[in-house]
Amino acid sequence: MTATGRAAVLHEFGGGFQTEAYPRPTADRGGLVVEIDTATVCGSDVHAWKGHLSLGVQLPMILGHEMVGRIVEIGPGADVDSVGQDLAIGDRVVWAHAACGHCHECTVEQTPVLCSRRYIGYLNDCSVPPYFTGAFAEYGVVRPDAGRVRVPDRVESAWASAGSCALRTVVKALDLAGSVDRDGTVVVQGAGPLGLFATALLSLNDPRRLVVVGGPQDRLDLASQWGATHTVPVDPAEDPAGRIDEVMSITGRGASVAFELAGAPGVVGEGVKMMARNGRYVLMGTLGGQPQPVDVATIVTRGVRMTGSMSGAIGDYHRAMLALDRYQDRFDWNRMLGSTYDLDTLADAMDAMVSMTEIKPVVRPSGR
Ligand SMILES: [Zn+2]
Ligand SMILES: [Zn+2]
């Protein structure tokens, strides 16, 4: 094991990445040190890269928050994961942002994902210890206060990496949405990683209609393979009224359950008009940008129940890993993955994400 490890460091928003070496971290009591086995690029990395994330980003930074680490050091007391599974050197883990454990949201509400003091590694200054804050680096640090779960043996690292953000977010949102039965008319707005994972899991409930509204066409084709009964392509230049009519005609009375996973301007105003009376609408895709106009009277007169959802707790990570394992013969998770990059070609991975030529670019920091 070398005394240093490399990381792709961002010094200027929108700029290039410099591969730099930092001292290899050591494990605190209750913590782990991992080698990053595999990382994947998330839309939030693109926002952070451009400086468009309103979460207090500090430069210089190491982007990346979807990752699988292989344990190289176990701190005292850290030989069991957050769901009671033994951990050993060489095991693969995914881990969560660390909630503070001492605020109203953490304790009274029991919603640590809403903790305003959560430690989100990649948003922090990487020029000070422990240095290895983000996924696009050779090492990672699992803090003592961060939940962690072992990755099942049959789950490939790149699937687990994508599962550590996109799928765990979907798992939590599906919980919040409540039951989806065979008579359900479900609408998924967005055909990116979140939309595709949601489509796969929702299809297991066999709803009467499962409509995915999004693009480009290759993603809609994958949505169909993963269980969408109908797809509606989005052309941003077109009037959304046509899409709303199409969804109403496919579903009959609108969406009994809908998910906003697109994050595009105007998407919520459009989604509200696709809702059935007494429908449930979970919003997850929009984390910033300009305020959006929404027809409030439609929400009121149709009795639409709307909920925001973000991220997930460590239990959601665990259930995401179980779903990847259990349904790997039903859904070819590799279909979501793009090319494989290393630290020196990270800019190309980001470009592939921005241009939407790949759904989930894969980064192997070691280059292997
Ligand atoms: Zn993410
Ligand atoms: Zn807290």
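Since we're looking at a predicted model, the values are computed, not measured.

A.B. asks: Any chance you could break down the overall build of the protein chain for me, citing the residues and the numbers?
C.D. replies: For the protein chain, the count of helices and strands is ten helices and 15 strands. The C-alpha atoms of the protein chain give 20 Å as radius of gyration, which agrees with the globular expectation for 368 residues (21 Å, within 12%). Seen along its three principal axes, the alpha-carbon backbone of the protein chain occupies a region of about 60 × 40 × 40 Å. Every one of the 368 residues in the protein chain was classed for burial, and the buried ones make up 50%. A separation of at least 24 residues holds for 68% of the contacts in the protein chain among residues at least 6 apart in sequence.

A.B. asks: Describe the environment of Asp181, and please don't skip the residues or the numbers.
C.D. replies: Along the chain, the position of Asp181 falls in the loop between α3 (157-177) and β8 (185-189). Separated by 137 residues in the primary sequence, Asp181 and His318 place their C-alpha atoms 24 Å from one another.

A.B. asks: So what's going on with the domain arrangement of the protein chain? Residues and values would help.
C.D. replies: Looking at the protein chain, the domain boundaries give domain 1 (4-154 + 328-363) and domain 2 (169-308). Put simply, the middle of domain 1 and the middle of domain 2, counted by C-alpha atoms, are 29 Å apart. With eleven residues of domain 1 at the interface, the matching set in domain 2 holds nine residues. Here the side of domain 1 that touches domain 2 is built from residues that sort into five nonpolar, four polar and two charged.

A.B. asks: Explain the pairing of strand β1 (residues 4-10) residue by residue, including any values.
C.D. replies: With six of its seven residues buried, β1 lies for the most part within the structure. Linking β1 back to strand β2 (residues 17-23) in an antiparallel pair, the connection comprises six residues, with Gly14 at a positive phi of about 80 degrees.

A.B. asks: Please give an account of the sheet that holds strand β10 (residues 230-233) that cites residues and values.
C.D. replies: Judged by pairing direction, the sheet is parallel, and its six strands sit side by side in the order β10-β9-β8-β11-β12-β13 without closing on themselves. Both edges of this open sheet fall to β10 and β13 (305-308), since each of them pairs with a single strand only. Taken pair by pair, the neighbouring strands of this sheet meet at an average axis angle of 15 degrees, ignoring direction. Note: β8 against strand β9 (residues 209-214), five bridges, orientation parallel. What sits directly across from Thr185, in β9, is Arg209.

A.B. asks: So, the nonpolar core: which residues are in play, and what are the values?
C.D. replies: The biggest cluster of nonpolar side chains holds 117 residues, and the ones touching the most others in it are Ile62, Phe136 and Val170. It is α3 that contributes the most residues to this core, twelve residues altogether. Residue contributions to this core reach at least three from each of two domains, namely domain 1 (4-154 + 328-363) and domain 2 (169-308). Residue contacts for Ile62: discarding those within four places in its chain leaves Ala7, Ala8, Val9, Tyr122, Cys126, Thr133, Gly134, Phe136 and Ala137.

A.B. asks: Could you give me a rundown of the packing of α3 against helix α9 (residues 314-326), with the residues and numbers involved?
C.D. replies: The interhelical angle for the contact between α3 and α9, taken along N-to-C directions, is 115 degrees, at an axis separation of 8 Å. In this structure, α3 crosses over α9, and the sense of that crossing is right-handed. The residues of α9 that touch α3, namely those facing Trp159, Ala160, Gly163, Ser164, Leu167, Arg168, Val171 and Lys172, are Asp316, Tyr317, Arg319, Ala320, Met321, Ala323 and Leu324. Looking at the contact of α3 with α9, its residues break down into nine nonpolar, two polar and four charged.

A.B. asks: Account for the pairing of strand β3 (residues 32-40), with residues named and values stated.
C.D. replies: In terms of burial, β3 is largely enclosed, as nine of its nine residues are buried. Where β3 meets strand β4 (residues 66-74), eight bridges bridge the pair, whose relative direction is antiparallel. Across the sheet, Leu32 pairs through a bridge with Ile74, a residue of β4. Bridge count for β3 against strand β6 (residues 139-142) is four bridges, and the pairing is antiparallel. The partner of Leu32 across the bridge, within β6, is Val142. In this structure, β3 lies alongside strand β15 (residues 360-363), joined through two bridges in antiparallel fashion. Directly across from Thr40, in β15, lies its bridge partner Val362.

A.B. asks: So what about helix α6 (residues 240-251)? Which residues, and what values?
C.D. replies: Between the first and last C-alpha of α6 there are 17 Å, a value that for twelve residues agrees with the 16 Å anticipated at 1.5 Å per step. Once α6 ends, the next one or two residues include Gly252, with phi positive near 90 degrees.

A.B. asks: Give a description of helix α5 (residues 217-225) that names residues and reports values.
C.D. replies: Listed in full, the buried residues belonging to α5 are Arg219, Leu220, Leu222 and Ala223. The arc that holds the buried residues of α5, viewed along the axis, is 160 degrees, so those residues lie on one side. Looking at the buried residues of α5, the elements they touch are α4 (193-203), β9 and β10. Gly227 sits one or two residues past α5 and shows a positive phi near 115 degrees.

A.B. asks: Give me the lowdown on the environment of Ile74, citing residues and values where you can.
C.D. replies: In this fold, Ile74 is placed in strand β4. For Ile74 and Ser339, which are 265 residues apart along the polypeptide, the C-alpha to C-alpha distance reads 32 Å. Apart from residues no more than four positions distant in its own chain, Ile74 is found in contact with Ala27, Leu32, Asp79, Leu87 and Ile89.

A.B. asks: Pulling in residues and values, what's your account of the environment of Gln290?
C.D. replies: You can see Gln290 is positioned in the loop between β12 (275-283) and α8 (296-302). Once the C-alpha coordinates of Gln290 and Tyr341 are considered, the two residues, 51 residues apart in sequence, prove to be 33 Å apart.

Reading guide: rules and limits
- Residues numbered from 1 in each chain as written.
- Chains lettered and ligands numbered in written order.
- Predicted model: local features only at pLDDT ≥ 70, side-chain atom pairs only at ≥ 80, totals over all residues.
- Helix = DSSP H or I, 4+ residues; strand = E, 2+ residues; numbered from the N terminus.
- Rg over C-alpha atoms; globule rule 2.2 N^0.38 Å.
- Buried ≥ 20, exposed ≤ 12 C-beta atoms within 10 Å, placed from the backbone.
- Contact = placed C-beta atoms within 7 Å.
- Domains from an automatic or database assignment.
- Nonpolar A, V, L, I, M, F, W, Y, C, P; charged D, E, K, R; others polar.
- Pairing = 2+ DSSP bridges.
- Axes fitted to C-alpha atoms, helices over the stretch in contact; angles between N-to-C directions.
- Core = buried A, V, L, I, M, F, W, Y, C linked by C-beta atoms within 7 Å.
- Left-handed = near helix turned anticlockwise from the far one by under 90°.
- Expected span 1.5 Å × (residues − 1).
- Arc of directions from axis to C-beta.

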